[in-house]
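# Fold and contact review
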Amino acid sequence: MPLPTVNLDDRRFDDILEEARRLIPQYCPEWTDHNASDPGIAIIEIFAWMTDLLLYRVNQVPDKLLIAFLEMIGVQLAPPRAAVAPVTLYLSAPQDTPLVIAAGTEVATLRTEVNEATVFSTERAGVIRPPTLTGLFTANTLAQVRLDAEGTAGADTAGAVRHDLAQLGLPGHRFPIFQPEPRPGDALFLQLADDHSEHVLALSLGVELAGGAGVNPNHPPYVWEAWQGGVGRWVPCEVEYDGTHAFNVSGELILRLPAMREGAFFDRRGYWLRCRLTNEQMHAGYKVSPDLETLQVDARGITVPARHATVVMNELLGQSTGVPGQRFRLLHGPVLNLDPDRDVVEITTAEGDTLVFTPVIDFSESGPDDRHFTLDTTSGEVAFGPSILQPDGSVYRFGATPPPEASVRLRRYQYGGGASGNVPARTLTVLKSSVPYVARVTNHAPAAGGRNGQQLEDALHRVPSLLRTRTRAVTADDYEFLAAQVPGVARARCVTPNMAVPGQTYPGSLRALNVPAGQVTLALLPSVSFDDLIGPDSDVTDPLSPLTGRIAPERLTLSAELRAAAQEELDLRRPVGTTLDLRAPQYVWVSVTATIRSYPGASRPAREDVRRRAMQALYSYLNPFTGGPDGRGWPFGRTLTLSELYGLLRGVSGVEVAEDVQVVLTEPGQPQQRETVTGSLPLPPQALIVSDVHHVRVDH
């Protein structure tokens, strides 16, 4: 995207004339007639006009030179960015055969008198598969977990009860969903034959009336989860509607499933759902297990990612003249980034042959026979390679030229983007075209990521950092900046010898790094997604049900691929004679045990809400990605104090007093290694705090 030329001098003829009139009494006090009819005023107007022209031209020179220099070093304005939102398409009725939702299906917000519709297009196809229930088991998830050779987890079959699917629905037949005396960890496992990732499933449950009496239907003591692979990789499902009121009446339960993976449980392979009793069962759960009489599973829809973009297919750009450097303009813009595999230019010659041209950023590396083109995303201008006259008189072509009289067509492109695409939840409710068997659509989460095109002022602000770190890494800031640009690296910290505090001691096995001369040591924190935050509960003894906001330890491992990518990027820019030491940060796992007091008269559900909010505050604050005082991740080497945890818990809504807070250093998988922290927890420069298991008790 080229940089626009701007006019920095906003003074005009009227401003110069007014300034000259104000100076008349100072330089010519005897001149008293300042009317427009005075000949002197006419002369001032002539000079003001000439000065206006002169200042306009002179003051534009530095701006034009600056923009020219920026273009020479490759600075371009960032194009608009399209927002992304998950959209859920619901069927009008369950189908007996798989139904394909095509990629590029357009959904939009409701058009009003003052606002145009905001259009989103699905980024991939979705297949709604009719579910087939192949197994039904009741077991306790606290059973022994084994790991097979392929790395998938399986539950010990000891104590598991397999239910006969053929007897479901028979008169007088029923079985308990959980164990006869339910306890935390009891779960009902559903084995599905096919992958139902991102599906909306409806479970029609026939249960005994009031069989689950004694529980709060709005806060049931269980959670629905789907298997995503890896040890402890059960991910919560979204409960959209519960017509059973926590298994108290027969009804329908609507679940929105996350991505699923095949797993092996009870010596059977399949795709697994489970309903697991949580720790709430201990104080507000079932006295006896509700009984299940009938069960039917139907697919009601699917969730697919959608992008704030409109797709245009096979747009005819014009006819080639056979001259190098031809340019064509698209009908719509701004254009979003092109897909090199799908967004190509097709050239159809007069003989009927088809040539395919692929997009490139520029023609600097294009040879005479390379079929390349460039696209200005802002103006929508498609350009083919030019030809340059060489000193020896020859002509060099940067890219192939379309033959004369050939038709030029862009196979596909997308336009849109901008901050207007950040629409709230449940606003994408309009299908732009009818889809068979699809009744409605909505987005349960708000769209995010939309950004307007970059302005010139923003580009000017980032020029110093670009020049400072463009081709070399010398200072610690250079290394951290360049390492953070590597895909997969969330944050980086360059550890230098002067960071170690003489005489500073650290608890446990924490030690400062000894960095020798000539070596650059970088601590790289790998990126994780929200899917890596393992599911909601507080029962750490269940190996199949991890905690809200607690990051799986294996996700924080610096992989060999990421280390090699960072090494390759920095090797190109580090000075000769320096060596690189790339390592993972030293993770300091902390477990907080706190006792807080809610306001007098708070009910049990209210106290449980307070406990949940306090737990979430701890997991969010003691986090390398979202923690710390500024919410951008716990700073490298920052000391943790008990006083700030008291203040954090006191700020939770519903907490009156934080009475007792203890911090314990832990090590995942090694429960015997625990050390209590008193006062404060100092960290070495390469260390980050990560939440282990927190425990909060609410008194009243």
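This one's a predicted model, so the numbers in the text were calculated from it and none came from an experiment.

The subject of this paragraph is the sheet that holds strand 32 (residues 519-526). Taken in spatial order, the three strands of this open sheet run 31-32-35, and their pairing is mixed. Looking at strand neighbours, the two that pair on one side only are strand 31 (489-495) and strand 35 (579-583), the edges of this open sheet. Going from strand to strand, the sheet's axes swing by 25° on average, the running direction of each strand aside. Pairing analysis gives six bridges linking strand 31 to strand 32, with the strands arranged antiparallel. Directly across from Arg493, in strand 32, lies its bridge partner Ala523. Packing against the sheet, helix 5 (residues 476-484) makes contact with strand 31, strand 32 and strand 35, and its axis sits at approximately 160° to strand 31. Strand contacts of helix 6 (residues 560-571): strand 31, strand 32 and strand 35, with the helix running at about 150° to strand 35, the strand carrying the most contacts.

As a further point, take the environment of Thr678. Mapping Thr678 onto the fold places it in the loop between strand 39 (675-677) and strand 40 (680-681). With a relative accessible area of 68%, Thr678 lands in the exposed category.

Our focus in this paragraph is a nonpolar patch on the surface. Together, Ile43, Ile46, Phe47, Trp49, Met50 and Leu53 make up an exposed nonpolar region whose accessible area comes to about 640 Å². Within the fold, Ile46 resides in helix 2 (residues 39-72). According to the relative accessible area criterion, Ile46 is partly exposed, its value standing at 48%.

In terms of nonpolar packing, the biggest core is built from 51 residues, with Phe120, Leu203, Trp224, Phe247, Leu273 and Leu295 touching the most fellow members. Val655, Val661, Val663 and Ile689 belong to the second-largest nonpolar core, a separate cluster that totals 34 residues.

Checked against the element boundaries, Val698 lands in strand 42 (residues 695-699). Placed 43 residues apart in sequence, Val698 and Val655 show a C-alpha to C-alpha distance of 8.8 Å. Once you skip the residues sitting within four places of it in the chain, Val698 turns out to touch Ile596, Ser598, Arg607 and Arg611.

It is worth spelling out the sheet that holds strand 23 (residues 354-359) at this point. The sheet built from seven strands is open, its strands ordered 20-28-22-23-24-25-21 with mixed pairing. For this open sheet the edge positions go to strand 20 (309-319) and strand 21 (327-329), each flanked by a neighbour on one side alone. Ignoring strand direction, the axes of neighbouring strands in this sheet form an average angle of 25°. Two elements, strand 20 and strand 28 (residues 407-416), share nine bridges in a ladder whose sense is antiparallel. Pairing of Leu316 across the sheet is with Arg409, part of strand 28.

This part covers the packing of aromatic side chains. This model, assessed by the stated rule, comprises 18 aromatic pairs. When the ring of Phe189 is compared with that of Trp234, the centres are 6.0 Å apart and the planes differ by 70°; the resulting orientation is edge-to-face. Here Phe189, found in strand 11 (residues 186-192), pairs with Trp234, found in strand 14 (residues 234-236); they are 45 residues apart in sequence, far enough to count as distant. The exposure class of Phe189 is buried, given its relative accessible area of 1%. Its relative accessible area of 1% is what places Trp234 among the buried residues.

All told, the structure shown has one cavity of 30 Å³ or more when counted by the stated rule. Approximately 30 Å³ is the volume found for the largest cavity. Together, Val495, Thr496, Pro497, Met499, Ala500, Ala512, Leu513, Val515 and Pro685 line the largest cavity. Its residues placed into classes, the lining of the largest cavity shows eight nonpolar, one polar and no charged.

A word on the confidence of the model for the protein chain. Looking at the protein chain as a whole, its pLDDT mean stands at 84, while 89% of the residues score no less than 70. Counting contacts from residues 144-157, a segment whose pLDDT is below 50, to residues more than four positions away or on other chains yields 32 contacts. Counted against residues more than four places away or in other chains, residues 530-548, with its pLDDT under 50, gives 68 contacts.

Next up on the list: the packing of helix 7 (residues 604-621) against helix 8 (residues 642-650). Where helix 7 meets helix 8, the axes come as close as 9 Å, and the angle between the chain directions of the two elements is 135°. Classified by the interaxial angle, the pair formed by helix 7 and helix 8 is oblique. As helix 7 runs across helix 8, the sense of the crossing is right-handed. Facing Ala614, Ala617, Leu618 and Tyr621 of helix 7, the residues of helix 8 in contact are Glu644, Leu645, Leu648 and Leu649. A class-by-class count of the residues in the contact of helix 7 with helix 8 yields seven nonpolar, no polar and one charged.

Next up on the list: unusual backbone geometry. A cis geometry characterises the amide bond from Gly333 onward to Pro334, with omega recorded as -5°. A positive phi is found at His245, a non-glycine position, where the angle reads about 50°. Within the secondary structure, His245 is located in the loop between strand 15 (238-242) and strand 16 (251-256). Backbone geometry at Phe247 places phi at a positive 65°, although glycine is not the residue there. Within the secondary structure, Phe247 is located in the loop between strand 15 and strand 16.

With that settled, consider the pattern of salt bridges. In total, this model carries 22 salt bridges according to the counting rule given. Asp343 is the salt-bridge partner of Arg412, the closest N and O atoms lying 2.7 Å from each other. Residue Arg412 is found in strand 28, and its partner Asp343 is found in the loop between strand 21 and strand 22 (345-348); the two are separated by 69 residues along the sequence. Both residues of the pair, Arg412 and Asp343, count as buried.

A contiguous patch of negative charge, built from Asp14, Asp15, Glu18 and Glu19, is present on the exposed surface. Checked against the element boundaries, Glu19 lands in helix 1 (residues 13-27). You can call Glu19 partly exposed: its relative accessible area is 36%.

The rules behind these values
Residues numbered from 1 in each chain as written. Predicted model: local features only at pLDDT ≥ 70, side-chain atom pairs only at ≥ 80, totals over all residues. Heavy atoms only, no water. Pairing = 2+ DSSP bridges. Helix = DSSP H or I, 4+ residues; strand = E, 2+ residues; numbered from the N terminus. Axes fitted to C-alpha atoms, helices over the stretch in contact; angles between N-to-C directions. Contact = heavy atoms within 4.5 Å. Buried < 20%, exposed > 50% of the residue type's maximum accessible area, 1.4 Å probe, protein only. Patch = residues over 30% accessible without salt bridge, like charges linked within 9 Å, V, L, I, M, F, W, Y side chains within 5 Å. Areas by Shrake-Rupley, 256 points an atom, 1.4 Å probe, with all protein chains shown as cover. Salt bridge = Lys/Arg side-chain N within 4 Å of Asp/Glu carboxyl O. Core = buried A, V, L, I, M, F, W, Y, C linked by side-chain atoms within 4.5 Å. Phe/Tyr/Trp six-rings, centres within 6.5 Å; stacked < 30°, edge-to-face > 60°. 1 Å grid on protein atoms, 1.4 Å probe; cavity = no way out; pocket = protein on both sides within 12 Å on 5 of 7 lines; lining within 4 Å. Points joined across faces, edges and corners; volume = space filled by probe spheres on them. Nonpolar A, V, L, I, M, F, W, Y, C, P; charged D, E, K, R; others polar. pLDDT = per-residue confidence, 0-100. Parallel < 35°, antiparallel > 145°, perpendicular 65-115°, else oblique. Left-handed = near helix turned anticlockwise from the far one by under 90°. Lys, Arg positive; Asp, Glu negative; His and termini not counted. Charge placed at Lys NZ, Arg CZ, Asp CG, Glu CD.

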